[in-house]
Amino acid sequence: MAYLVGVLVVVVVLLASIGLHEVGHMVPAKRFGVRVSQYMVGFGPTLWSRTKGETEYGLKAIPLGGYVRLIGMYPPAEAVGDPQPRTAFGRLAADARAASAEEILPGQDHRAFYRLSTPKKLVVMLGGPVMNLLIAVVLMAVVLLGFGTPGSSTTLSVVAECVIPLDAPADRTCAADDVRSPGAAAGLRPGDRVVEYDGTTIESWDQLAALIRGTGEQAVPVVVDRDGELVDLSVTPMVADRPVLDKDGAYTYDAQGDLVTAPVGYVGITPTDELQRQPVMDVPATVADRTWQTMTVVATLPVKVVDLARSTFGGAERDETSIVGIVGIGRFAGEIASYDGAGIDAQLKIISLLEMLASLNIALFVFNLIPLPPLDGGHVAAALWEGARRQVARLRGLPRPGPFDTARLVPLAYTVFVLLGGVGLLLVYADIVNPVTIG
């Protein structure tokens, strides 16, 4: 049941994201006077529709996208010099112009999309991807500001009984002749929350760890909160070789791959991990970082697709960094929701699902900006080209050129559509027969 709930959550949020993406196109288009004849979520046969005003709103059977039909997307033939088709590609462009012109009602040519200025076209076409980015920002804000992220707290989870050498086996336990750890000798206990260390009020684990590591072998007063009561203790750290940490708190290694250590103050305590709410500015920073990571993946998409095909048809196990489709995303959601491992509670599952959905919307934002039709980025590129031609003509004192003949890009749009369909089918097949597993 939990697995099914996770899948349903992703499906519902994905449909909502698609719907809001199309709202991002429709609202500014209507605001600029363009007639919008259809607003549809999904493709294929129509399951439900209702006409309100001049727009038909509906839900289709295949929830893998959506669209809004903006009247007059392509300039009519007379607006672009009435070019005569001489090739198959030319006939495709001519058919697209004719079909687009037929949708323009008599006397409403001024309401056609192609009539918009370049800035207005950019607003309309960027509205969809930007909506996905805003959804990602909202989801990450819920995670970071509402729930928080796992981090080390000032509450102790472990107080070592003895000092175990760094090169000892992982399963090494305390022996009778081992030196007792300073924390155990001072009377620290698991569950204690460190309030003060050497007269300094403790606000975070990183602050406490830095104070301990900088302390020599001298008695230091410590105040802990133990079951709601403040307890005064005295701890005498010992100087021991401990790993040198980088700015992110990770171990550092030398050129030979050996762990770098240094003599520092050591008490022998381990913090408890808990959810910690983050500052507001972490939201845009996190979204920007994940957007950049997604852009690097999209930039290498052809290589990723080739690797996917090799692993799928070559019998190799898929890498964790492999691209996944809607089936794989649904599988991830189900596995997250149904996972029953130690230390994973309902809050962490919700956080994982929200972060995955935020990443999905960031992927939709970045992918739709690829400057190829029929993606939004292709229309953006065409609008920028049209605007650039007009600016060059203005600077050179030439007559204002007519609209750019975007119908000439229809053959390219068909080609891209077929390629994307092929990649989509490959992803579905790979996610079924050779899925990516998450740990």
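Described in the following lines is the structure provided in the data block. All values reported here derive from a predicted model rather than from experimental measurement.

## Let's talk about a nonpolar patch on the surface
Taken together, Phe 43, Ile 62, Leu 64, Phe 313, Ile 326, Val 428, Tyr 429, Ile 432 and Val 433 make up a surface patch of nonpolar side chains, about 820 Å² in accessible area. Listed by contribution, the elements that provide at least two residues to the nonpolar patch are strand S2 (55-70) and helix H11 (410-433). The element best represented in the nonpolar patch is H11, accounting for four residues. Mapped onto the fold, Ile 432 is located in helix H11.

## Brief notes about the packing of aromatic side chains
Centre distance and the angle of the planes are the two values used to describe a pair of aromatic rings. In the structure shown here, the tally under the stated rule is three aromatic pairs. Measuring from centroid to centroid gives 5.7 Å for Tyr 39 and Tyr 57, while their planes differ by 50°, and the two rings are tilted. Highlighted residues: Tyr 39 in strand S1 (residues 36-52) and Tyr 57 in strand S2, separated in sequence by 18 residues. Classification of Tyr 39 as buried rests on a relative accessible area of 12%. For Tyr 57, a relative accessible area of 22% puts it in the partly exposed group. Ring plane angle 15° and centroid distance 5.7 Å describe the contact between Phe 313 and Tyr 429, whose orientation is recorded as stacked. You can see Phe 313 sitting in helix H7 (residues 301-314) and its partner Tyr 429 sitting in helix H11, a full 116 residues away along the chain.

## Remarks on the pairing of strand S7 (residues 229-235)
Sheet topology note: the strand S6 (residues 220-226)/S7 ladder contains seven bridges and is antiparallel. Each bridged residue has a counterpart across the sheet, and for Val 220 the counterpart in S7 is Val 235. The antiparallel hairpin formed by S6 and S7 contains two residues in its connecting segment, where Asp 227 sits at a positive phi of about 55°.

## Quick look at the side chain of Ser 181
Summarising the element assignment, Ser 181 is placed in the loop between strand S3 (149-159) and helix H4 (182-186). Note on Ser 181: relative accessible area 0%, which makes it buried. Among the polar contacts listed, one links the side chain of Ser 181 to the backbone nitrogen of Ala 184, at a separation of 3.2 Å. When near neighbours in sequence (up to four residues on either side) are disregarded, Ser 181 contacts Ala 160, Glu 161, Cys 162, Val 163 and Val 267.

## So, the packing of helix H3 (residues 118-147) against helix H6 (residues 282-299)
At a closest axis distance of 9 Å, the pairing of H3 and H6 adopts a crossing angle of 125°. Classified by the angle their axes make, H3 and H6 are oblique. You can see that H3 and H6 cross each other, and the crossing is right-handed. Taking contact as the criterion, the partners of Leu 133, Ala 136, Val 137, Met 140, Ala 141, Leu 144 and Leu 145 in H3 are, on H6, Asp 282, Val 283, Thr 286, Val 287, Arg 290 and Thr 291.

## A closer look at the state of the cysteines
A full pass over the atoms with the stated rule returns one disulfide. Between the sulfur atoms of Cys 162 and its disulfide partner Cys 174 the distance amounts to 2.0 Å. Across the S-S bond linking Cys 162 and Cys 174, the dihedral sits near -95°, which makes this disulfide left-handed. With Cys 162 in the loop between S3 and H4 and Cys 174 in the loop between S3 and H4, the pair connects residues that are 12 residues apart, well separated along the chain. Its relative accessible area of 5% is what places Cys 162 among the buried residues. Its relative accessible area of 41% is what places Cys 174 among the partly exposed residues.

## Examining H11
In this model H11 runs 35 Å from its N-terminal to its C-terminal C-alpha over 24 residues, within 8% of the 34 Å that 1.5 Å per residue would give. Within the sequence span of H11, burial applies to Val 410, Pro 411, Ala 413, Val 416, Leu 426, Leu 427, Ala 430 and Asp 431. Those residues of H11 that are buried are in contact with helix H2 (88-102), H7 and helix H8 (326-338).

## Concerning the pattern of salt bridges
With the rule as written, the count across this model stands at 10 salt bridges. Among the ionic pairs, Arg 111 bridges to Glu 54, the shortest N-O distance being 2.6 Å. With Arg 111 in the loop between H2 and H3 and Glu 54 in the loop between S1 and S2, this pair connects stretches of sequence that are 57 residues apart. The salt bridge partner of Glu 355 is Arg 290, with a shortest N-O separation of 3.6 Å. Taken together, the positions of Glu 355 in helix H9 (residues 346-368) and Arg 290 in helix H6 put the pair 65 residues apart, joining distant regions of the chain.

## Concerning helix H5 (residues 205-213)
Among all positions of H5, only Trp 205, Leu 208 and Ile 212 are buried. What you see down the axis of H5 is that its buried residues fit within an arc of 65°, all on one side. Turned more than 90 degrees away from the buried face of H5, the exposed residues are Asp 206 and Ala 210. The secondary structure elements touched by the buried residues of H5 are S3, strand S4 (193-197), strand S9 (261-266) and strand S10 (269-276). Structurally, the start of H5 carries an N-cap: the backbone nitrogen of Gln 207 is 3.2 Å from a side-chain oxygen of Ser 204.

## Some words on the environment of Arg 189
Its location among the elements puts Arg 189 in the loop between H4 and S4. Overall, Arg 189 belongs to the partly exposed group, its relative accessible area being 49%. For Arg 189 and Pro 279, which are 90 residues apart along the polypeptide, the C-alpha to C-alpha distance reads 31 Å. Those residues in contact with Arg 189 that sit more than four places away from it in its chain are Leu 156, Val 159 and Arg 226.

What counts as what
- As a convention, each chain's residues are numbered from 1 in the sequence order in which they are written.
- Only residues with pLDDT of at least 70 get local features here, since the model is predicted, and only at 80 or more are side-chain atom pairs given and counted; chain-wide, interface and lining totals rely on the full set of residues.
- Based on all heavy atoms of the structure, the side-chain values leave hydrogens and waters out of the count.
- Excluding any residue in a salt bridge, patches collect residues exceeding 30% relative accessible area, merging like charges within 9 Å and nonpolar Val, Leu, Ile, Met, Phe, Trp and Tyr side chains within 5 Å.
- With residues, only the protein chains shown are counted as cover, and all accessible areas are computed by Shrake-Rupley using a 1.4 Å probe.
- Salt bridge criterion: a side-chain nitrogen from Lys or Arg within 4 Å of a carboxyl oxygen from Asp or Glu.
- Put simply, DSSP H or I for four residues or longer makes a helix, DSSP E for two residues or longer makes a strand, and each gets a number counted from the N terminus.
- Pairing of aromatic rings covers Phe, Tyr and the six-membered ring of Trp, with a centre-to-centre limit of 6.5 Å; geometry is then stacked below 30 degrees between planes, edge-to-face above 60, and tilted otherwise.
- We call a residue buried when its accessible area falls under 20% of the maximum for its residue type, exposed when it is over 50%, and partly exposed in between, using a 1.4 Å probe and counting protein chains only.
- A strand pair is defined by DSSP finding two or more bridges across the two strands.
- Each polar contact in these results corresponds to two N or O atoms within 3.5 Å; when the atoms are within protein, one needs to be able to donate a hydrogen and the other to accept it, and residues that are neighboring in sequence are counted only if both atoms are side-chain atoms.
- Note on contacts: a residue pair qualifies if any of its non-hydrogen atoms lie within 4.5 Å across the two residues.
- For every element, the axis is a line fit to its C-alpha atoms; helices are fit only across the contacting stretch, and the angle between N-to-C directions ranges from 0 to 180 degrees.
- Orientation categories follow fixed angle ranges, with anything under 35 degrees roughly parallel, anything over 145 roughly antiparallel, 65 to 115 roughly perpendicular, and all other angles oblique.
- Crossings are sorted by hand: turned counterclockwise from the far helix by less than a right angle, the near helix makes the crossing left-handed, and turned clockwise it makes it right-handed.
- Our working definition of a disulfide is a cysteine sulfur pair at a distance within 2.5 Å.
- For a helix, the expected span equals 1.5 Å multiplied by the residue count minus one.
- Throughout, the arc means that of the directions going from the helix axis to the C-beta atoms.

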